[in-house]
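Examining the three-dimensional arrangement
As a plain string of letters, each chain reads:
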Amino acid sequence: MSVSPFDHPFLSGLLGDEEISAYFSAKVDIRAMLAFEAALAKVEAQHGLIPRTAADHIADICADFDPDLQSLKAATASDGVVVPDLVRQLRKAVGEDAGKHVHFGATSQDVIDTSLMLRLKAATFILSGRLFAVSSALAKLDERFGSNRLMGRTRMQAAIAITVSDRLRAWQHPLDQYRDRLTQEHFPLQFGGAAGTLEKFGGKAAEIRGSLAQALGLTDEPQWQSQRARIAELSGLLSMISGSLGKIGQDVALMAQAGDEIELAGGGGSSAMPHKQNPVAAETLVTLARFNAVQLSGIHQSLVHEQERSGAAWTLEWLLLPPMVVATAASLRHALQLIGMIKRLGAAAE
């Protein structure tokens, strides 16, 4: 049993997405955190801040380190974040001599936010590929049925005749725009130290931050620990993607209800009416669109970070952002499946 439908034993088959969910697993999160610590040590050695032998040893231990998850869980309950205990365990594994150089100049938020950016960068690459696949599938539908006739409807009432191309264009165009925006998305390093000032690095702070960003394949930007607009903007884009896919789902469900505008291969079964083929994929697109729209209001609440760091607003992001990414991925999966089920769209011109 799970409190979340996204990793529920059977609801996840409808609402989840294993490929994307993996990026929000404890294992992948910890690997990304350890990648930060290894890169930090290497960069600090390059700049003469810690011994190179210590940095090499830290990186070697980080590569295979397997922390005690029960200890992390217990410590997070009291500390509010996982990093203090993770660093404590890592220092013990590294040994006393090199251990004192682990995590030098960094803070918990640097580790957690950078891990998030590394994982979001990989996840959005997959989302971008799926957007391309959905757009390409719509283009193929246009080739097959674009000249067919549909009744255009405004305010759910019959208006004037349109072509299938007219409706497909309305479906496809925003998806192409979202893909362009995703591919242009920047994923910045978080590295500000205790209060965002990198106080332990003096005049070298910006140079070290730039080197660390390069080592991790992230963009170099000044600290953004209390300015969460980039999270809100990405979340807004996720909600728009699922919203536009929800529009497709709603249109398909209405056409299926009319009965003569679309023919679908397959569908969901009914326990009471074996003859039915329910438009499950279309309905799920509507549900996921509405889910993301609701979560987005919470993300906007998390923009209110008091002073230099917020515990409350930051934790709210942890509750809301991963499900939004998974919901968007599931939407793209269902959209591709739904488009593949369309056997006929519109009526051939006489």
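The numbering scheme is per chain: residues are counted from 1 as the chain's sequence reads. Local features in this predicted model are restricted to residues whose pLDDT is 70 or higher, and side-chain atom pairs enter the listing and the counts only when it is 80 or higher, whereas totals over whole chains, interfaces and linings include all residues. Side-chain numbers come from the whole structure's heavy atoms, not from hydrogens or water.

In the annotation of an unreviewed UniProt entry, the entry for the protein reads 3-carboxy-cis,cis-muconate cycloisomerase, and the organism field reads Rhizobium multihospitium. What UniProt records for the protein under Sequence similarities (unreviewed entry) is the sentence "Belongs to the class-II fumarase/aspartase family." UniProt positions are given in the numbering used here, feature names are shortened, and annotations may be inferred rather than shown by experiment.

This brings us to the overall build of the protein. Numbering of helices and strands runs from the N terminus; a helix is a DSSP stretch of H or I covering at least four residues, while a strand is a stretch of E covering at least two. Within the protein one finds 13 helices and four strands. Residue pairs in contact within the protein that sit at least 24 positions apart in sequence constitute 76% of those at least 6 positions apart. Averaging the positions of the 33 positive and the 38 negative side-chain charges in the protein gives two centres separated by 4 Å. Contact definition: two residues touch when any of their heavy atoms are within 4.5 Å. Residues scored as charged are limited to Lys and Arg (positive) and Asp and Glu (negative), so that His and the chain ends carry no count. Lys charges are placed at NZ, Arg charges at CZ, Asp charges at CG and Glu charges at CD.

Put simply, the largest pocket is a space of about 960 Å³. Residue lining of the largest pocket: 30 residues in total, with Phe-24, Ala-26, Asp-29, Trp-318 and Pro-322 positioned closest to the centre. Taken together, the elements giving at least two residues each to the lining of the largest pocket come down to α3 (26-46), α5 (69-79), α8 (108-145) and α13 (311-340). At nine residues, α13 tops the list of elements feeding residues into the lining of the largest pocket. Here a cavity means grid points, on a 1 Å grid over the protein atoms only, where a 1.4 Å probe fits yet cannot get out; a pocket means an open set of points with protein on both sides within 12 Å along at least five of seven lines; lining residues are those with an atom within 4 Å of a point. Grid points are joined across faces, edges and corners, and a volume is the space filled by probe spheres set on the points.

We now examine α3. One fewer than the residue count of a helix, multiplied by 1.5 Å, yields its expected span. The first and last C-alpha atoms of α3 sit 30 Å apart over 21 residues, in line with the 30 Å expected at 1.5 Å per residue. Count one or two residues on from α3 and you reach Gly-48, which has phi positive near 75 degrees.

Attention now moves to empty space enclosed by the protein. In this structure the tally under the stated criterion is one cavity of 30 Å³ or more. The space that makes up the largest cavity amounts to roughly 50 Å³. Lining of the largest cavity is provided by Met-117, Leu-120, Glu-185, His-186, Phe-187, Pro-188, Arg-230, Ile-231 and Leu-234. When contributions to the lining of the largest cavity are tallied by element, the ones reaching two or more residues are α8 and α11 (229-258). At three residues, α11 tops the list of elements feeding residues into the lining of the largest cavity. In the scheme used here, Gly and all other residues not listed as nonpolar or charged are polar, with Ala, Val, Leu, Ile, Met, Phe, Trp, Tyr, Cys and Pro taken as nonpolar and Asp, Glu, Lys and Arg as charged. In terms of residue class, the lining of the largest cavity is made up of six nonpolar, one polar and two charged.

Moving on, we come to the packing of aromatic side chains. Two rings from Phe, Tyr or Trp (for Trp, the six-membered ring) form a pair when their centres are within 6.5 Å of each other. A pair whose planes differ by under 30 degrees is stacked, one over 60 is edge-to-face, and the rest are tilted. All chains considered together, the criterion is met by five aromatic pairs. Between Phe-191 and Phe-201 the ring centres are 5.7 Å apart and the planes differ by 50 degrees, which places this aromatic pair in the tilted class. In this pair, Phe-191 sits in the loop between α9 (164-183) and α10 (205-216) while Phe-201 sits in the loop between α9 and α10, placing the two residues 10 residues apart along the sequence. Assigned by exposure class, Phe-191 and Phe-201 land together as buried. Between Trp-314 and Trp-318, the aromatic rings sit 5.0 Å apart at their centres with planes inclined by 65 degrees, giving edge-to-face as the arrangement. Per-residue accessibility, obtained with a 1.4 Å probe over protein chains only, is compared with the maximum for each type, and a residue is labelled buried under 20%, exposed over 50%, and partly exposed between these values.

Burial analysis of strand β2 (residues 157-163) places just zero of its seven residues in the buried class, which makes it a mostly uncovered element. We call two strands paired when DSSP finds no fewer than two bridges between them. When strand β1 (residues 149-154) meets β2, the two strands line up antiparallel, connected through five bridges. Paired with Met-151 across the bridge in β2 is Ala-161.

Right, let's talk about the packing of α3 against helix α4 (residues 52-64) for a bit. At a minimum axis separation of 8 Å, α3 and α4 run at an interaxial angle of 170 degrees. The pairing of α3 with α4 is recorded here as roughly antiparallel in orientation. Here Arg-31, Leu-34, Glu-37, Ala-38, Ala-41, Lys-42, Ala-45 and Gln-46 of α3 lie close against α4, whose contacting residues are Arg-52, Ala-55, Asp-56, Ile-58, Ala-59, Cys-62, Ala-63 and Asp-64. In terms of residue class, the contact of α3 with α4 is made up of nine nonpolar, one polar and six charged. Whenever a helix is involved, its axis is fitted only over the stretch in contact; in every case the axis is a line through C-alpha atoms, and angles between N-to-C directions fall within 0 to 180 degrees. For this classification, under 35 degrees means roughly parallel, over 145 means roughly antiparallel, 65 to 115 means roughly perpendicular, and everything else is oblique.

With that settled, consider the pattern of salt bridges. Whenever Lys or Arg places a side-chain nitrogen within 4 Å of a carboxyl oxygen from Asp or Glu, that contact is recorded as a salt bridge. Following the criterion strictly, the structure yields 15 salt bridges and no others. One salt bridge in this structure joins Arg-130 and Asp-17, with 2.6 Å as the shortest N-O distance. Residue Arg-130 is found in helix α8, and its partner Asp-17 is found in the loop between α1 (12-15) and α2 (18-21); the two are separated by 113 residues along the sequence. In terms of burial, Arg-130 and Asp-17 fall into one category: buried. Across the pair Arg-130 and Glu-19 runs a salt bridge whose closest N-O atoms are separated by 2.8 Å. Pair noted here: Arg-130 is in helix α8 and Glu-19 is in helix α2, with a separation of 111 residues, a long-range link. Overlapping salt bridges, with partners in common, bring together Asp-17, Glu-19, Arg-130 and Arg-333 in one network.

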